[in-house]
Amino acid sequence: MAKMGRKLDPETFSCSICLDLLKDPVTTSCGHSYCMKCIKTQWDEEDQKGIHSCPQCRETFTPRPVLKKNTMLAALVEQLKKTGLQAAAAAAADHCYAGPEDVACDFCTGRKLKAIKSCLVCLVSYCKNHLQPHLDVPGMKKHKLVEPTKNLQENICSRHDEVMKMFCRTDQKCVCLICLMEEHKGHDTVSAATERTERQRELEERQGNIQQRIQDREEDVKLLQQEVEAISRSADKTVEDSEKIFTQLIRLLQKRSSEVKQQIRSQQETEVSRVKDVQEKLEQEITELKRKDAELEQLSHTEDHNQFLLNYPSLPALSESTHSSSINIRPLRHFEDVTAAVSELREKLQDILRNSWTNISLMVTEVDVLLSEPEPKTRAGFLKYSCDITLDRNTANILLKLSEGNRKVRLMIDSQSYSNHPDRFTNRYQVLSRESLTGRCYWEVEWKMNVSVSVAYKNISRAGSGNECGFGYNDKSWALDCKGSKFGHNNIWTSISDPVSSRLGVYLDHTAGLLSFYSVSETMTLLHRVQTTFTQPLLAGVRVWNYFGYGSSAEFIKPN
């Protein structure tokens, strides 16, 4: 029996009215069992109606049935109590009872069970047992059942105690039928269901928009994650490549140092050997001269005149020296000049490294993924990025005159008194700005006659008249020919359909690789846009020329 008790569901032996184990169980003709006291109390309340029903299946009985104790079921319940089923049943019942945060069944008396559904027609919440009529009775099956809610009373009109089934669009509130006939008479009203349907469509549309934004943001997150991985890969590869390059540079310097050392030692050995060879011959000559000097000394002390005269002619004549009477040492600094040359190399390398380091640092700081904003749409938006452009006199061709604080350039007949400078354009009538352009920049140029407005790398060629010098004719410059209405890069020219106004706006987003030219008037008209990758800082440039005389000019103005 104990084994059986552990397997049986305690609710099988519970009264659906009091929810405790059956006491004096009785069974109705429909087969449901109750405590004798519970069912009598239930039917006592129904005596006035003259119809008695089963609390579970709602089967009706007329007249009131005579109840008799179900002795077999009573004996089984008594046996189960001894096995501890009562404690299990109590625990199960506690689990089903409504807590402070739960919606309680409105039909339960005493301790209430949790509601499992709320009816929007009855405006009542039901537990599992008391919900049964809504599942079985045909008329109640049409009721609207929803998840348990505590706000059912909000569906009741506070003024008329009627269910609010209508919605007033004029006042944007739910109303009952009486409200509809009184204070909301003549208003734009519909049923709550109709308004819900329309609002549901709006909700679904908004939800769709939100879900689309979620999808878009998830895609953005994926792109950002890919960008993180790309940045990391690029950084790792650049660090690796930089280390290799610097290692190669160090090895090259070490090799050159070793070669210089080897050349110095080789020259040292050659010169020392040559000097020692001369030194050795001189020492041999000295020995021979000393020997002859001794013979002459000996002869000079001969007392016998005849003997002296006899031996004197036999003395050998003094041979000519193979070397000059004196060694002239040139005022050499020996290898000090080599030290000076190496020092000069060091200074040049330091200058190169210093200038290159500026560019390298600039390139590193230009890595900017998230700050690349969309291109502005209005002139006010462009003006947020306006920059002050002045022209570099050291780059101007000698026929170009600068004025207005080096903002204006004009082609002249006579040469200007400029000093020689390696940055100057020798044959092209061109000039570059002093300012290097990075990040986001915007400037405006007013032009007359024949002018090209451009940007170029600093290392564009300056000498000669070849394409390597001309703006737009090489891969180091981008130029818009205002008069000819065409754009050029690397000597590839594209026609521009719209006319170029006398004021030209230039927008540069160096990080994003974006260069745009606009006609500036009452509106901003896009003339040409370039999407590329800029590998160096840019300089603003102007080319002016004239086929029919002189006078072409361009001025970098301060936008306002």
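Residues numbered from 1 in each chain as written. Predicted model: local features only at pLDDT ≥ 70, side-chain atom pairs only at ≥ 80, totals over all residues. Heavy atoms only, no water.

Explain the packing of aromatic side chains to me, and be specific about the residues and the numbers.
Counted by the stated rule, this structure contains eleven aromatic pairs. Following the ring pairs from residue to residue traces out a cluster consisting of Phe-382, Tyr-385, Tyr-442, Tyr-507 and Tyr-518. For the cation-ring pair, Arg-428 lies above Tyr-473, with the distance from its terminal atom to the ring centre recorded as 5.2 Å. Geometry around Trp-545 places Arg-543 over its ring, the cationic atom sitting 4.4 Å from the centre. (Phe/Tyr/Trp six-rings, centres within 6.5 Å; stacked < 30°, edge-to-face > 60°. Lys NZ or Arg CZ within 6 Å of the ring centre and 35° of its normal.)

Hey, could you go over the sheet that holds strand β19 (residues 503–509) for me, with residue numbers and the actual values?
In space, the seven strands of this open sheet follow the order β11-β12-β23-β14-β19-β20-β21, with antiparallel pairing throughout. Edge positions in the sheet fall to β11 (400–403) and β21 (524–531), since each of these pairs with one other strand and no more. Averaged over all neighbouring strand pairs, the angle between strand axes comes to 20°, with direction disregarded. As judged from the seven bridges shared by strand β20 (residues 514–520) and β21, these two strands associate in the antiparallel manner. (Pairing = 2+ DSSP bridges. Helix = DSSP H or I, 4+ residues; strand = E, 2+ residues; numbered from the N terminus. Axes fitted to C-alpha atoms, helices over the stretch in contact; angles between N-to-C directions.)

I'd like a rundown of the environment of Gly-110, residues and numbers included.
Here Gly-110 is to be found in the loop between α4 (85–96) and β5 (117–119). Placed 92 residues apart in sequence, Gly-110 and Cys-18 show a C-alpha to C-alpha distance of 8.3 Å.

Would you mind going over the nonpolar core in detail, with residue names and values included?
Counting residues in hydrophobic clusters, the biggest one holds 39 residues, and the most contacted among them are Trp-443, Trp-478, Leu-480, Leu-504 and Leu-515. In contact with Trp-443, not counting residues within four places along its chain, are Cys-387, Ile-389, Leu-437, Val-455, Leu-504, Gly-505, Val-506, Leu-508, Ala-540 and Phe-556. In terms of nonpolar packing, the next biggest core, distinct from the first, is built from 17 residues, Cys-15, Leu-21, Cys-38 and Phe-61 among them. (Core = buried A, V, L, I, M, F, W, Y, C linked by side-chain atoms within 4.5 Å. Buried < 20%, exposed > 50% of the residue type's maximum accessible area, 1.4 Å probe, protein only. Contact = heavy atoms within 4.5 Å.)

Could you give me a rundown of unusual backbone geometry, with the residues and numbers involved?
With a phi close to 65°, Asn-406 is a non-glycine residue in the positive phi region. Secondary-structure assignment places Asn-406 in the loop between β11 and β12 (408–411). Owing to a relative accessible area of 19%, Asn-406 belongs among the buried residues under this scheme. One non-glycine residue, Ser-485, lies in positive phi territory at about 50°. The topology assignment puts Ser-485 in the loop between β16 (477–481) and β17 (486–489).

Would you mind going over the pattern of salt bridges in detail, with residue names and values included?
Per the counting criterion, the structure on display carries 23 salt bridges. The partner of Glu-147 in a salt bridge is Lys-117, and the shortest N-O contact between them spans 3.0 Å. Placement of Glu-147 in the loop between β7 (145–146) and β8 (166–168) and of Lys-117 in strand β5 is noted, with a sequence separation of 30 residues between them. One salt bridge connects Asp-241 with Lys-237, and the closest N-O pair in it is separated by 2.8 Å. Taken as a pair, Asp-241 and Lys-237 lie in helix α8 (residues 192–300) at a separation of four residues, close to a single helical turn. Through salt bridges that share partners, Arg-169, Glu-195, Glu-198 and Arg-199 make up one connected network. (Salt bridge = Lys/Arg side-chain N within 4 Å of Asp/Glu carboxyl O.)

Residues and numbers for the confidence of the model for the protein chain, please.
For the protein chain, the average pLDDT comes to 83, and 89% of its residues sit at 70 or higher. Contacts from residues 1–6, a stretch scored under 50 in pLDDT, to residues over four places away or in other chains number seven contacts. (pLDDT = per-residue confidence, 0-100.)

So, the pairing of β12: which residues are in play, and what are the values?
Residues Val-409 and Leu-411 of β12 are buried on one face, while the alternating residues Lys-408 and Arg-410, pointing to the opposite face, are not. The pairing of β11 with β12 spans four bridges and is classified as antiparallel. The partner of Ser-403 across the bridge, within β12, is Lys-408. Between β11 and the antiparallel strand that follows it, β12, lie four residues; Glu-404 among them carries a positive phi value of about 50°.

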